[in-house]
Amino acid sequence: MKKRFFTKPWLPGLGLGVAVGLGAAAVVLGERLANPVSGLCFGLAGTLGGLSGSRLIMARFDRTWTPEERKEIERAERDERNVAIREKAAYATWYWTLYLLWAAFFLTLVLGSGFPTALVSVIIVLHCAFYMVNVNRWSKQL
Amino acid sequence: MTNRIAQLRKERRISQAELADAVDVTRQTIISLESGRYNASLLLAHRIARYFGLAIEAVFLFEEEDAP
């Protein structure tokens, strides 16, 4: 059984509050903050705001569902065909991401930029390494 | 792999929704199984066969071409 991201009902509200606080702090402090810190604040605010906001919206819908609708949604979530569809989609997405990364790699080579080429290379290596780690992990479990 | 789900269901006057409910899958999965677009897992095949009171091989027809 998958664990829910937000197990406590008040966490999304807190997350949204923190996100707004971080965003507001970055805006108010402006130039007084170093660029990386400001970027980090906006990045964290965006991520936290997105996750918490979506969870709050989902909770709002959750209250409007009838028990039958909720049962049907839960069934659709664990339905083996739906699980197979998600796995196939994730598998295809992994390859598409790899092709995109290779495209970006060659583009940076053509443009002759050093740091982006190195960065994309590292991302390609990590992308493949995560795949191999997961293959190893699942081969032990199955 | 072919199956006799649609035939068995019609014989017993069971709707796709009822079968889906009984074996805990969505109606879309039953539709896909009946049309042959999706092959059931062993677990689901077992549940469907048990629902009809038959053996798996009486519901799901394995053909030599299905072998890898």
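Structure shown above.
Only a predicted model underlies this, so the values are computations on that prediction, with no experimental measurement involved.

Visitor: Looking at this structure, how should I read the layout of surface pockets?
Guide: Residue and element names in this part refer to chain A. By volume, the second largest pocket amounts to about 170 Å³. Around the second largest pocket, the lining residues are Glu87, Ala90, Tyr91, Trp94 and Tyr131. Its residues placed into classes, the lining of the second largest pocket shows four nonpolar, no polar and one charged.

Visitor: Just checking my understanding: could you explain the packing of helix H2 (residues 16-23) of chain B against helix H3 (residues 27-35) of chain B for this structure?
Guide: For any two helices packed against each other, one specifies the crossing angle of their axes together with the interaxial distance. All names here are of chain B. Across the interface, H2 lies against H3 with an axial gap of 8 Å and an inter-helix angle of 110°. One way to sum up the angle between H2 and H3 is to call them roughly perpendicular. Residues Gln16, Ala17, Leu19, Ala20 and Val23 of H2 pack against Arg27, Ile30, Ile31 and Glu34 of H3. For the contact of H2 with H3, the class distribution of residues is six nonpolar, one polar and two charged.

Visitor: Could you clarify how one ought to interpret the interface of chain A and chain B in this entry?
Guide: Bring the parts together and some accessible area is lost; that lost area is often taken as the interface size. On the side of chain B, 13 residues touch chain A, which itself brings ten residues to the contact. Taken together, both faces of the contact between chain A and chain B bury some 880 Å²; the carbon and sulfur share is 38%. Looking at the side of chain A facing chain B, the largest losses of area belong to Arg75, Glu80 and Arg81 of chain A, adding up to 68% of the total buried there. Our count for the chain A to chain B interface comes out at three salt bridges. Between Arg75 of chain A and Asp24 of chain B there is a salt bridge, with the nearest N and O atoms lying 3.2 Å from each other. Run the count over chain A and chain B and you get eight residue pairs in polar contact (both at pLDDT 80 or more). Counting residues per element, the side of chain A that touches chain B draws most heavily on helix H3 (residues 67-78) of chain A, at five residues.

Rules behind the numbers
- For every chain, the first residue of the written sequence is number 1, and numbering continues from 1 onward in sequence order.
- All chains are assigned letters beginning with A, and all ligands numbers beginning with 1, in the order in which they are written.
- Reporting in this predicted model follows two pLDDT cut-offs: at least 70 for local features of residues, and 80 or more for side-chain atom pairs to be given and counted; totals over whole chains, interfaces and linings ignore these cut-offs and use all residues.
- Just so you know, side-chain values use all the structure's heavy atoms and leave hydrogens and water out.
- Note on definitions: the grid is 1 Å and covers protein atoms alone; a cavity is a set of points where a 1.4 Å probe fits but cannot get out; a pocket is an open set with protein on both sides within 12 Å along at least five of seven lines; lining residues have an atom within 4 Å of a point.
- Grid points are joined across faces, edges and corners, and a volume is the space filled by probe spheres set on the points.
- For this classification, the nonpolar set comprises Ala, Val, Leu, Ile, Met, Phe, Trp, Tyr, Cys and Pro, the charged set comprises Asp, Glu, Lys and Arg, and every other residue, Gly included, is treated as polar.
- Working convention: axes come from line fits to C-alpha atoms, limited for helices to the stretch in contact. Angles between N-to-C directions cover 0 to 180 degrees.
- Secondary structure elements are defined from DSSP: runs of H or I of at least 4 residues count as helices, runs of E of at least 2 residues count as strands, and each element is numbered from the N terminus.
- Angle categories: roughly parallel below 35 degrees, roughly antiparallel above 145, roughly perpendicular from 65 to 115, and oblique for all the rest.
- Here a residue-residue contact requires only that any non-hydrogen atoms of the pair lie within 4.5 Å.
- Buried area is calculated as the accessible area (1.4 Å probe) missing from two parts once they are joined, with the contributions of both summed.
- For this document, the term salt bridge refers to a Lys or Arg side-chain nitrogen within 4 Å of an Asp or Glu carboxyl oxygen.
- For the purposes of these results, a polar contact is taken to be a pair of N or O atoms within 3.5 Å, where, inside protein, one atom must be able to donate a hydrogen and its partner to accept one; residues adjacent in sequence count only when each atom of the pair is a side-chain atom.

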